[in-house]
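Architecture at a glance
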Amino acid sequence: MQIVVLGGSGYVGRAVQEALLMRGHHLKVIARHGLRDPNIQFVSGDVRDMDLMSPFDGADAIINLVGIIEEHPAQKITFELMHVEVVRRIISAMSAAHVYRLVHMSALGTRPGARSRYHKTKWIAEDLIRHTSGLQYTIIRPSLLFGGGAPFFKMLQSQAKWPITPIPGSGNTEFDPVYRTDVGRFVAMAAECDETIGETFEIGGPDRFTLNALYQKAAASAGKNRITPWHISYRFMMNMAKIGESLPGFPVSVDQLLMLGENNTTNDHRWTKWVTPTRLKPSLIP
Ligand SMILES: NC(=O)c1ccc[n+]([C@@H]2O[C@H](COP(=O)([O-])OP(=O)(O)OC[C@H]3O[C@@H](n4cnc5c(N)ncnc54)[C@H](OP(=O)(O)O)[C@@H]3O)[C@@H](O)[C@H]2O)c1
């Protein structure tokens with residue numbers, strides 16, 4: 001198949017590329033920064049304003065991986081723009097190019113009435129795809145990803161090395177971390193499998209961990225037996241984040257704290273029909 005991957009050069013995108021190439025597909029990747037791979041046709045552009053119809057022309061399927069975890073309003077990088085308006089542009093370009101198959105990357109925790117703006121805007125995008133696009137879609141909502149240099153686990157690993165490790169709240173919120181390679185394989189499979197059309201899959205790994213346990217795993221991966229946790233109240237961290245998030249380099253945003261404060265788990269195991277999920281072990285962190 002001829003497949004166009006928007007955001008195919010990122011952390012998830014690299015695993016998706018690998019899985020698609022393994023399955024013998026022809027790839028076109030759209031992103032702003034260069035990608036040097038003779039097996040992939042790279043189209044440089046900014047999805048906020050580039051012409052999408054031309055690169056979509058002749059494609060059998062589009063995979064959308066573009067998403068952000070924090071906003072930079074001064075650079076016109078907002079959840080509304082990147083998660084909602086970009087999806088509107090994709091839907092309209094697909095319709096103009098007569099391409100009808102879309103695999104869209106959302107995130108676990110996306111739901112009506114979500115607290116974070118990340119999840120709220122992911123929900124609006126899902127809603128657009130499901131109810132107004134007329135496309136043959138598959139929506140995928142992974143929990144936290146690990147493996148392949150996961151930015152979140154890198155952060156846990158570096159904080160776990162500190163003499164005292166600051167942890168938001170009790171650290172008892174739960175996650176179903178899922179292996180990046182497995183997510184890449186599932187996305188690639190979904191693009192060619194009609195059985196996934198019209199479905200929204202939540203995907204998580206085989207084991208559930210609290211945030212405290214993830215810090216312990218991250219410490220073990222850094223060769224440290226145990227951490228000394230310092231549990232900081234969410235209210236205090238939220239106030240700090242409200243003041244600090246407009247400063248460059250501030251480590252956490254209000255939105256990220258809202259997400260860390262809620263469970264990110266699923267009982268949807270349908271995806272394991274196609275992919276056997278890998279267990280999280282320290283050697284796979286980050
Ligand atoms: N990582 C996780 O644990 C996780 C968990 C759940 C869901 N997700 C979702 O998975 C998707 C991929 O996440 P990721 O972690 O791979 O993110 P990432 O590493 O930041 O990759 C984002 C990709 O989008 C491209 N991109 C960003 N802004 C763009 C723009 N204006 N124009 C064109 N391309 C642009 C980036 O390339 P350039 O910067 O070169 O443009 C890159 O290829 C997102 O939708 C995210 O919400 C991720």
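Below is a summary of the structure that appears in this document. Just so you know, these numbers come straight off a predicted model, no measurement behind them.

A short note on the nonpolar core
In terms of nonpolar packing, the biggest core is built from 71 residues, with Val-16, Ile-62, Ile-63 and Val-187 touching the most fellow members. For Val-187, the residues in contact, after removing those within four places along its chain, are Val-16, Ala-19, Ile-63, Val-103 and Ile-140.

Points about the site of the ligand
If you check the shell around the ligand, you find 22 residues, and the closest are Gly-7, Gly-10, Arg-32, His-33 and Gly-67. Top contributing element to the shell around the ligand by residue count: helix α1 (residues 11–22), with three residues. Residue classes in the shell around the ligand are distributed as twelve nonpolar, seven polar and three charged.

Remarks on the environment of Leu-108
For Leu-108, the position within the fold is in the loop between β5 (101–105) and α4 (117–131). The class for Leu-108 is buried, based on 24 C-beta atoms found within 10 Å. Placed 33 residues apart in sequence, Leu-108 and Arg-141 show a C-alpha to C-alpha distance of 4.6 Å. Filtering out sequence-adjacent residues up to four positions away, Leu-108 remains in contact with Arg-141, Pro-142, Ser-143, Glu-202, Gly-204, Asn-264 and Thr-266.

Describing unusual backbone geometry
Note on backbone geometry: most residues besides glycine have negative phi, and most peptide bonds are trans. Residues Ile-285 and Pro-286 are joined by a peptide bond in cis, for which omega reads 0°. The topology assignment puts Pro-286 in the segment after α9 (254–260). At His-98, a position not held by glycine, the phi torsion is positive, near 60°. If you trace the backbone, His-98 turns up in the loop between α3 (79–97) and β5.

Examining the packing of α3 against α4
One can describe the packing of α3 onto α4 by two numbers: an axis separation of 8 Å at closest approach and a directional angle of 10°. By the criterion of interaxial angle, the relationship of α3 to α4 is roughly parallel. Only Arg-117, Tyr-118, Thr-121, Lys-122, Ile-124, Ala-125, Leu-128 and Ile-129 of α4 make contact with α3, whose side of the interface consists of Phe-79, Glu-80, His-83, Val-84, Val-87, Arg-88 and Ile-91. The residue inventory of the contact of α3 with α4, partitioned by class, reads nine nonpolar, two polar and four charged.

As for the pairing of β5
In terms of burial, β5 is largely enclosed, as five of its five residues are buried. Of the two faces of β5, the one carrying Arg-101, Val-103 and Met-105 and the one carrying Leu-102 and His-104 are both buried. Of the pairings in the sheet, the one linking strand β4 (residues 61–64) to β5 comprises three bridges and is parallel in character. Residue pairing in the sheet places Ile-62 in a bridge with Leu-102 of β5. With respect to chirality, the unit in which β4 leads through α3 into the neighbouring parallel β5 is right-handed. When β5 meets strand β6 (residues 136–142), the two strands line up parallel, connected through five bridges. When the sheet's bridge partners are listed, Leu-102 is paired in β6 with Tyr-137. In the classification by handedness, the crossover that spans β5, the intervening α4 and the parallel β6 is right-handed.

What about the packing of α1 against helix α6 (residues 180–192)?
Packing of α1 against α6 leaves a shortest axis separation of 8 Å and a crossing angle of 55°. The pairing of α1 with α6 is recorded here as oblique in orientation. The handedness of the crossing between α1 and α6 comes out as right-handed. Of the residues in α6, those in contact with Val-12, Ala-15, Val-16, Glu-18, Ala-19 and Leu-20 of α1 are Arg-180, Thr-181, Val-183, Gly-184, Arg-185, Val-187 and Ala-188.

Re the environment of Ala-150
By secondary structure assignment, the location of Ala-150 is in the loop between β7 (145–146) and α5 (151–160). A count of 21 C-beta atoms within 10 Å places Ala-150 in the buried class. When the C-alpha atoms of Ala-150 and Val-12 are compared, they prove to be 9.2 Å apart, with 138 residues separating the residues in sequence.

Describing α6
Residues that lie three or four places apart on an α-helix share one face, since the helix turns once every 3.6 residues. Taking 1.5 Å per residue, 13 residues should reach 18 Å; α6 reaches 19 Å between its end C-alpha atoms and fits that length. The buried count for α6 comes to eleven of 13 residues, which makes it a mostly enclosed element. Regarding α6, the residues found buried are Arg-180, Asp-182, Val-183, Gly-184, Arg-185, Phe-186, Val-187, Ala-188, Met-189, Ala-190 and Ala-191.

Observations regarding the sheet that holds β4
Spatially, seven strands are ordered β3-β2-β1-β4-β5-β6-β11 in an open sheet, and the strand pairing comes out parallel. Edge positions in the sheet fall to β3 (40–44) and β11 (199–203), since each of these pairs with one other strand and no more. Neighbour to neighbour, the strand axes of the sheet diverge by 15° on average, direction disregarded. The pairing of strand β1 (residues 2–6) with strand β2 (residues 26–31) spans five bridges and is parallel.

Cut-offs used in this document
Numbering of residues begins from 1 in every chain and follows the order in which that chain's sequence is written. Given that the model is predicted, a residue must reach a pLDDT of at least 70 before its local features are reported, and side-chain atom pairs must reach 80 or more before they are shown or counted; all residues, however, enter totals for whole chains, interfaces and linings. What we call a nonpolar core is a set of buried Ala, Val, Leu, Ile, Met, Phe, Trp, Tyr and Cys residues whose membership is set by joining through C-beta atoms within 7 Å. Counting other C-beta atoms within 10 Å of a residue's C-beta gives its exposure: the residue is buried at 20 or more, exposed at 12 or fewer, and partly exposed in between, where C-beta atoms are placed from the backbone. For the purpose of contact definition, each residue receives a C-beta atom placed from its backbone, and two residues are in contact when these atoms lie within 7 Å. For each residue, a C-beta atom is placed from the backbone, and the residue counts as near a molecule or strand when that atom lies within 6 Å of it. Secondary structure elements follow DSSP: runs of H or I of four or more residues count as helices, runs of E of two or more count as strands, with numbering from the N terminus. Residues are grouped as follows: nonpolar covers Ala, Val, Leu, Ile, Met, Phe, Trp, Tyr, Cys and Pro; charged covers Asp, Glu, Lys and Arg; every other residue, Gly included, is treated as polar. Axes here mean lines fitted to C-alpha atoms, for a helix over just the part in contact, with angles spanning 0 to 180 degrees between N-to-C directions. Roughly parallel means an angle under 35 degrees; roughly antiparallel means over 145; roughly perpendicular covers 65 to 115; every other angle is labelled oblique. By this definition, two strands are paired if DSSP reports at least two bridges between them. By convention, orient the strands away from the viewer: a clockwise path from the first strand over the helix to the second makes the crossover right-handed. Take the far helix as the reference: if the near one is turned anticlockwise from it by less than a right angle, the crossing is left-handed, and if turned clockwise, right-handed. The span one expects for a helix is its residue count, reduced by one, times 1.5 Å.

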